[in-house]
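Structure at a glance
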Amino acid sequence: MNAPLTPKILTRPTPPALLDALASRFGAQLSTAQAVREQHGRDESPFDVPPPSAVVFCESTQDVADAVKLAAAHDVPVIAFGAGSSLEGQLLAVQGGISLDLTRMNRILDVAAADMLVTVQAGVTRLQLNDELRHTGLFFPIDPGADATLGGMAATRASGTNAVRYGTMRENVLALTVVLADGRIIRTGTQARKSSAGYDLTRLMVGSEGTLGIITEVTLRLYPQPEAVAAAVCSFPDVAHAVDCTIALIQAGIPIARVELMDAGAVRAVNAHDHLGLPEQPLLLMEFHGSPAGVREQAETVQALAADYAGSDFAWADTPEERTKLWKARHHAYLSALQMKPGCRCVTTDTCVPISRLAESINDTITEADAAGLPYFVVGHVGDGNYHIGYLIDPAKPEERELAERLNAQLVRRALKLGGTCSGEHGIGLHKQGFLREEAGDDALDVMRAIKQALDPKGILNPGKIFA
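Residues numbered from 1 in each chain as written. Predicted model: local features only at pLDDT ≥ 70, side-chain atom pairs only at ≥ 80, totals over all residues. Heavy atoms only, no water.

**A look at the sheet that holds strand β10 (residues 214–221)**
Taken in spatial order, the five strands make up an open sheet running β5-β6-β10-β8-β9, and their pairing is antiparallel. Whereas interior strands pair on both sides, the edge strands pair on one side only; in this sheet they are β5 (108–112) and β9 (185–189). Strand-to-strand twist of the sheet, defined as the mean angle between neighbouring strand axes without regard to direction, takes the value 10°. Two elements, strand β8 (residues 173–179) and β9, share five bridges in a ladder whose sense is antiparallel. (Pairing = 2+ DSSP bridges. Helix = DSSP H or I, 4+ residues; strand = E, 2+ residues; numbered from the N terminus. Axes fitted to C-alpha atoms, helices over the stretch in contact; angles between N-to-C directions.)

Next comes the structure, spelled out in structure tokens:
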């Protein structure tokens, strides 16, 4: 099943009695203003869906619980909202309902520096957290690019540029506070680094995209700030050489912290947007963490290895300012690419494959995109086999959207055939529901549905997502 061009809209009514009850409980924290509702009814996906009926700006776990209880009493959907940066339609109100904005829940509750842990409210963003941690000698490494909220990152099992060394949200969330569909508040996990006590409810909630519970607090692993950091860029004649170089350095066991691919289109876009002078060829953007001697040894080894794969223009970014400029450009790749085709929208997708199959997957994807003639760009967290492609389409031309979705389907099915997954980090949302069935199979999907039914029998938690 290909991704739908238009999602299925089955709006449930929001009774005036519910809005009255919410107004009584929340006062000025409730908004039904059209502009506010529209802001909470759009993400970075290509879908256009009517906005929610109202927005509640929650300031505590109890606020979330009370809002969910009132919505449950009227069988009205509730959708958690963080930074609004999801790419697969996770926050869209396809069945109407109430948006619960958690951005005011932005307190850092406890920094346990001796245990290298932190507990935060769900609305804390990753940049806010790391700014707060600067004086402790610790940092939180998961970096999906956007300044996403940590609750949203947990809900979508986010990953990003540092995952090759530090893992994803799955490996770095130790405990959660979660509001269930009936308004009960549960706490999953502990501050201990491991546990064999019962079902792993923390891992069940991480990646559930708000369909099993609403995450309100998160306990995270922290890491020592590296003694030395170095970044480098290296250009290649084509994507194949860049990817083959990446595979070689991973298989060699080099403990690189980040290794990011940008194709020529992405480089061209960030050059224009961020006023850089990078050679407009495919490149790897790399970062090394460790002791000064260790970083130097890693970098020298990678530089020599890159030369074996026709790498050229190897350049260092030694100062924090230079490194920040490069990584900002990488994180701006999506917005930079949008400016290359004024008025366009982007159909973006990601897959993840075993590292040994990465070159085959990307090369075939690029060949298909070139043959189709649709503008595109490729970026990738290639150190762990994960990459993204964005197709730039004219929203006034339905045939371009259809072409992008056909290319997307070919890309995803190729990844599944190669032993990979339909999404390495974007999640399922609306866009990849059919692909999840192909990947997991009907029996596994039935188990997922049974879990959903057990925890959310009224189907009010972000309905219409994950399952087709």
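**A look at the domain arrangement of the chain**
Much of the literature gives interface size as the accessible area that the parts lose upon coming together. Along its sequence, the chain is carved into domain 1 (108–224) and domain 2 (228–418). With centres defined by C-alpha atoms, the gap from domain 1 to domain 2 works out at 27 Å. Facing eleven residues of domain 1, the contacting portion of domain 2 comprises twelve residues. Carbon and sulfur atoms supply 52% of the area that domain 1 and domain 2 bury against each other, a total of about 960 Å² over both sides. Applying the counting rule to domain 1 against domain 2 returns one salt bridge. Between D143 and R258 there is a salt bridge, with the nearest N and O atoms lying 3.6 Å from each other. (Domains from an automatic or database assignment. Contact = heavy atoms within 4.5 Å. Buried area = accessible area lost by both parts, 1.4 Å probe. Salt bridge = Lys/Arg side-chain N within 4 Å of Asp/Glu carboxyl O.)

**Focus on the sheet that holds strand β2 (residues 54–57)**
Pairing between the strands of a sheet is mediated by backbone hydrogen bonds and can be parallel or antiparallel. Overall, mixed pairing links the four strands, which are arranged β1-β2-β4-β3 in an open sheet. Taken across any chain shown, the strands that pair with only one partner, and hence form the sheet edges, are β1 (30–31) and β3 (78–81).

**Focus: the UniProt feature "domain: FAD-binding PCMH-type" (unreviewed entry) in the chain**
Per the UniProt record, the feature "domain: FAD-binding PCMH-type" (unreviewed entry) sits at residues 48–225. The distance from the first to the last C-alpha atom of residues 48–225 is 42 Å, and the span holds 22% helix and 26% strand. (UniProt positions renumbered as here; feature names shortened; annotations may be inferred.)

**Re helix α9 (residues 239–251)**
Under the 1.5 Å per step criterion, the end-to-end length of α9 is 18 Å for 13 residues, consistent within 8% with the ideal 18 Å. V239, A242, V243, C245, T246, I247, A248 and L249 are the residues of α9 that are buried. Where α9 is buried, its residues touch β13 (258–262), β14 (283–290), α11 (292–308) and α14 (358–372). Structurally, the start of α9 carries an N-cap: the backbone nitrogen of A240 is 3.3 Å from a side-chain oxygen of D238. Just beyond α9, the residue with positive phi is G253, at close to 80°. (Expected span 1.5 Å × (residues − 1). Buried < 20%, exposed > 50% of the residue type's maximum accessible area, 1.4 Å probe, protein only. Polar contact = N/O pair within 3.5 Å; in protein donor to acceptor, adjacent residues only side chain to side chain.)

**Some remarks on the pattern of salt bridges**
Scanning all chains against the criterion turns up 23 salt bridges. Here E260 ties to R330 by a salt bridge, and the two come within 2.9 Å at their closest N and O atoms. Taken together, the residues span a long stretch of sequence, with E260 in strand β13 and R330 in helix α12 (residues 320–331) at a distance of 70 residues. A relative accessible area of 0% places E260 in the buried class.

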